[in-house]
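These are the residues of each chain, in order.
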Amino acid sequence: MASNNEILVVAELTQEYQPKKVTFELLSEAKRLAGGGTVGILVLAPDPTSMAAKLAEYGATKLYAAAGNDWAKEVAGSATDAVEAAIKAANPKLVLMASGVNGRDVAGRLAARLGLGVLWDATATAEGESSNGITFNVPIWGGTYTVNSGFTRDEAVLALCKPGSFDLARSEGAAPAEVVNLNVERKTPSALIVQSVQEEGVGVSLEEASTVVSGGRGLGKPENFALVEDLAKVLGAAVGTTRAVVDEGWRPYNQQIGQTGKTIKPKLYLAVGISGAIQHKVGMQTSETIVAINKDADAPIFEFADLGVVGDLFKILPALTEELKRRKGIAG
Amino acid sequence: MNIVVCVKETPDTTAEKKFTADLRLDRSAVAGVINPYDEYSVEEALQQKEKLGGEVTVLTMGPSRAEESIRKALAVGADRAVLVSDPALADSDLVATARVIAAALKKMSFELVIFGQTSTDSSGGMLAAAVAELLGLPALTVANKLEVEAGKARIQRSTDHGYDVVEAPLPCVVSVVSGINLPRYPALKGIMQAKKKELLSYSLADLGIDPASVGSSSKGTKVNTASRVSLSRTPEIFKDAERAAVYIADYLERKKLI
């Protein structure tokens, strides 16, 4: 069945049902791609229409409202059914979602259920050979290559896009989005969130941070990560680490950068006490600027840093934190 | 409790990679290893077996040379292995792969299926959910802790603010992150025993799957171009530790990074 010209965006919300920044990024790009055509947004929340005005400012012309109080209590399950219902209602030529763990759970199920084509980790759109005329650029192998890919079938296809890929385009006074209430038949076996634990010290998320300070085994022991955290705090940065440190049990896995951890591309990556093994390199080498501090002048990280500082991190880090505080006018 | 752990052979991450003329990874040019994430799913399966009894079966889809990777999983303690191999499977996408893995799983008996969170070559991270969908089972993905008791599986999963505890009844599908455990190394004895363990092979015909529904021609996406990203930097090295803090601060300021 040929699809409509509509582009459907699946809103990515916090556990408190507030739209994340990536939702507005996806809408802005959808509006640009639609060129005046319909841009739908699917919202799974207790009161989806409460966000209608703000979503319209970023390009939504139609709001698919799936009202419910329990969307955030489940992993993927019912959300999959809701996206399926929205696809059936909109018959879109493209579905845009955020490229995170939730998006992957939903996309994996939907692809299998409906036999869809899926692209993931996309960072840009482009015109090119594709059944719907839209192709995506996707960095692969730790960002060492970029592939441009399109779709082969003329039906709703899914593209998962990385947060931070698209510029925001807001226009005030946009016409309110037309609301379509969805009746979602829940049929996916559910995985229930029975407890949500807030941990102290979890600040900026690594994938969204524009600055990341990472500490390696050179820190010597877990307590010394306070030096990294202090610096990160002054810079408004997220804290990352290496697999070696995670394997030692010093830091949690969700801070691991590299082959079996996260792949990130911040504006500034500050590596402290990290030697720069290839497994770490593939997770951070596309950062815009890389600054490394290490006492070993032969550490591999100095081969792919923009600025490499050879010296004792236990002296340099506290001094740098103080210097930055002074320049930013932070007392203390 | 019987566990199936799904593994994949991937090209060595650290090796230089090349594309073939039709823009596929030239796998003949790169050594194959067990997907690094799958070392953790195999270990997790073994640890669950040690607690709960039962057997661990390793399942993979791949060329016949993937047998080598499977033997490694057998060497660390898996009981048997199943290899789904068919020339028609080459270049299968997510949906085709999920159909094949689900069809193989339907021929097996299990309470738990464990995947690595993703693979180092495709980085899709969706196969566990896709297979769960086709089996009509719940999926507990991206687990950094797994407990199985009283007919339920319970995982911990990192969030932006901490972690969630997520639960589903057995049988279910789980995917695990690499922080979940420390994979063991094979001992010589294990390597010797692995040679004698059962290795079953399925073709597409054995699974009742139409070859036209898998492989390159069935793909929902197509690669148009592939280009190498230039990452060359000219490192500036600064060695005066006493002045380093001020120097770095100046550098960041100059680059408008603070």
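Residues numbered from 1 in each chain as written. Chains lettered and ligands numbered in written order. Predicted model: local features only at pLDDT ≥ 70, side-chain atom pairs only at ≥ 80, totals over all residues. Heavy atoms only, no water.

Colleague: Can you explain the overall build of chain B? Please cite residues and give values.
Modeller: Tallying secondary structure elements over chain B gives seven helices and 14 strands in all. A principal-axis box enclosing the C-alpha atoms of chain B has dimensions of 65 × 50 × 40 Å. Counting all 258 residues of chain B, 51% fall into the buried class. Residue pairs in contact within chain B that sit at least 24 positions apart in sequence constitute 71% of those at least 6 positions apart. Summed over all atoms, the accessible surface of chain B reaches about 11300 Å², with 51% contributed by carbon and sulfur. One finds the centroid of the 32 positive side-chain charges in chain B at a distance of 2 Å from the centroid of its 33 negative side-chain charges. (Helix = DSSP H or I, 4+ residues; strand = E, 2+ residues; numbered from the N terminus. Buried < 20%, exposed > 50% of the residue type's maximum accessible area, 1.4 Å probe, protein only. Contact = heavy atoms within 4.5 Å. Areas by Shrake-Rupley, 256 points an atom, 1.4 Å probe, with all protein chains shown as cover. Lys, Arg positive; Asp, Glu negative; His and termini not counted. Charge placed at Lys NZ, Arg CZ, Asp CG, Glu CD.)

Colleague: Explain the overall build of chain A to me, using residue names and the numbers behind them.
Modeller: Within chain A, the regular secondary structure consists of eight helices and 16 strands. Burial status across chain A gives 58% buried among its 332 residues. About 13000 Å² of surface is accessible on chain A, with carbon and sulfur atoms providing 47% of the total.

Colleague: Which residues make up unusual backbone geometry, and what values do they have?
Modeller: That bond from Leu170(B) to Pro171(B) is cis: its omega, -5°, falls within 30 degrees of zero. With respect to the element layout, Pro171(B) can be found in the loop between strand 10 (162–169) and strand 11 (172–176). Non-glycine residue Ala76(A) carries a positive phi angle of around 60°. Judged by its relative accessible area of 9%, Ala76(A) is buried. Phi is positive for Asn91(A), which is not a glycine, with a value near 45°.

Colleague: How would you explain a nonpolar patch on the surface if you had to name every residue and give the values?
Modeller: Residue and element names in this part refer to chain B. Judged by side-chain polarity, Leu-188, Ile-191 and Met-192 come together as a nonpolar surface patch covering roughly 300 Å² of accessible area. When you line up the elements, Met-192 lands in helix 5 (residues 188–194). Here Met-192 falls in the partly exposed class, since its relative accessible area comes to 44%. (Patch = residues over 30% accessible without salt bridge, like charges linked within 9 Å, V, L, I, M, F, W, Y side chains within 5 Å. Salt bridge = Lys/Arg side-chain N within 4 Å of Asp/Glu carboxyl O.)

Colleague: Run through the sheet that holds strand 13 (residues 238–241) of chain A, naming residues and quoting values.
Modeller: Note: strands within a sheet are paired through backbone hydrogen bonds, in either parallel or antiparallel orientation. Read across the sheet, six strands follow the order 13(A)-12(A)-14(A)-15(A)-16(A)-14(B) without closing on themselves; strand pairing throughout is parallel. The sheet terminates laterally at strand 13 of chain A together with strand 14 (236–238) of chain B, the two strands that pair on one side only. Taken over all neighbouring pairs, the strand axes of this sheet differ in orientation by 20° on average, direction set aside. The pairing of strand 15 (residues 289–294) of chain A with strand 16 (residues 307–310) of chain A spans four bridges and is classified as parallel. Along strand 16 of chain A, the bridge assignment pairs Ala292(A) with Gly308(A). Contacting strand 12 (211–215), strand 13 and strand 14 (268–272) of chain A, helix 5 (residues 225–235) of chain A crosses the sheet at an angle of about 175° to strand 12 of chain A. (Pairing = 2+ DSSP bridges. Axes fitted to C-alpha atoms, helices over the stretch in contact; angles between N-to-C directions.)

Colleague: Which residues make up the confidence of the model for chain B, and what values go with them?
Modeller: Scored by pLDDT, chain B comes out at a mean of 92, with 100% of its residues at no less than 70. Reported for the predicted complex are a pTM of 0.87 and an ipTM of 0.90. (pLDDT = per-residue confidence, 0-100.)

Colleague: I'd like to hear about the interface of chain A and chain B, residue by residue, with values.
Modeller: Contact residues are listed per partner, giving 88 residues for chain A and 81 residues for chain B. In this assembly, chain A packs against chain B so that about 7200 Å² is buried in total across both faces, 58% of it on carbon and sulfur atoms. Among the residues chain A hides against chain B, the three largest losses belong to Trp141(A), Tyr145(A) and Arg327(A). Together they make up 10% of the total. Here chain A and chain B share seven salt bridges between them. Here Arg327(A) ties to Asp250(B) by a salt bridge, and the two come within 2.8 Å at their closest N and O atoms. Taken together, the links from chain A to chain B amount to 39 residue pairs in polar contact (both at pLDDT 80 or more). With 10 residues, the single largest contributor to the side of chain A that touches chain B is helix 4 (residues 101–114) of chain A. Residue composition of the side of chain A that touches chain B, by class: 39 nonpolar, 31 polar and 18 charged. With seven bridges connecting them, strand 8 (residues 145–151) of chain A and strand 13 (residues 221–228) of chain B associate as antiparallel partners. Its bridge partner being in strand 13 of chain B, Asn148(A) is matched across the sheet by Thr225(B). (Buried area = accessible area lost by both parts, 1.4 Å probe. Polar contact = N/O pair within 3.5 Å; in protein donor to acceptor, adjacent residues only side chain to side chain. Nonpolar A, V, L, I, M, F, W, Y, C, P; charged D, E, K, R; others polar.)

Colleague: Report on the packing of helix 3 (residues 94–106) of chain B against helix 4 (residues 127–135) of chain B, specifying residues and quantitative values.
Modeller: Residue and element names in this part refer to chain B. Two elements in contact, helix 3 and helix 4, have axes whose closest approach is 9 Å; the angle formed by their N-to-C orientations is 55°. With respect to helix 4, the element helix 3 is oriented oblique. Crossing of helix 3 against helix 4: the hand is right-handed. Residues Leu-94, Thr-97, Ala-98, Arg-99, Ile-101, Ala-102, Leu-105 and Lys-106 of helix 3 form the contact with helix 4, whose own contacting residues are Leu-127, Ala-130, Val-131, Leu-134 and Leu-135. Considered class by class, the residues forming the contact of helix 3 with helix 4 number 10 nonpolar, one polar and two charged. (Parallel < 35°, antiparallel > 145°, perpendicular 65-115°, else oblique. Left-handed = near helix turned anticlockwise from the far one by under 90°.)

Colleague: Mind laying out the sheet that holds strand 10 of chain B, listing which residues take part and the relevant values?
Modeller: Reading across from one edge, 11(A)-10(B)-9(B)-8(B) is the order of the four strands in this open sheet, with antiparallel pairing throughout. The open sheet is flanked by strand 11 (192–198) of chain A together with strand 8 (145–149) of chain B, the only strands paired with a single partner. Strand-to-strand, the axes of this sheet are offset by a mean angle of 15°, without reference to chain direction. Looking at chain direction, strand 9 (residues 152–158) of chain B and strand 10 of chain B are connected through seven bridges and run antiparallel.

Colleague: Outline the packing of helix 8 (residues 313–328) of chain A against helix 7 (residues 244–254) of chain B, listing residues and values.
Modeller: Put simply, helix 8 of chain A and helix 7 of chain B touch, their axes get as near as 8 Å, and they point 50° apart. As the angle between them shows, helix 8 of chain A and helix 7 of chain B are arranged oblique. Relative to helix 7 of chain B, the crossing made by helix 8 of chain A is right-handed. Of helix 7 of chain B, the residues touching helix 8 of chain A (which contributes Ile316(A), Ala319(A), Leu320(A), Glu323(A), Leu324(A) and Arg327(A)) are Ala244(B), Ala245(B), Val246(B), Ile248(B), Ala249(B), Asp250(B) and Glu253(B). Residue classes in the contact of helix 8 of chain A with helix 7 of chain B are distributed as nine nonpolar, no polar and four charged.

Colleague: I'd like a description of the pattern of salt bridges, backed by residues and values.
Modeller: Evaluation of the coordinates by the stated rule reveals 41 salt bridges over all chains. Across the pair Lys20(A) and Glu12(A) runs a salt bridge whose closest N-O atoms are separated by 4.0 Å. Both residues of the pair, Lys20(A) and Glu12(A), belong to the buried class. A single salt-bridge network, built from bridges that share partners, covers Asp81(A), Glu84(A), Lys88(A), Arg109(A), Arg113(A), Lys187(A) and Glu133(B).

Colleague: Hey, could you go over the pairing of strand 8 of chain A for me, with residue numbers and the actual values?
Modeller: In terms of burial, strand 8 of chain A is a largely internal element, six of the seven residues being buried. Linking strand 7 (residues 134–140) of chain A to strand 8 of chain A, which pair antiparallel, is a turn of four residues; within it Trp141(A) sits at a positive phi near 50°.

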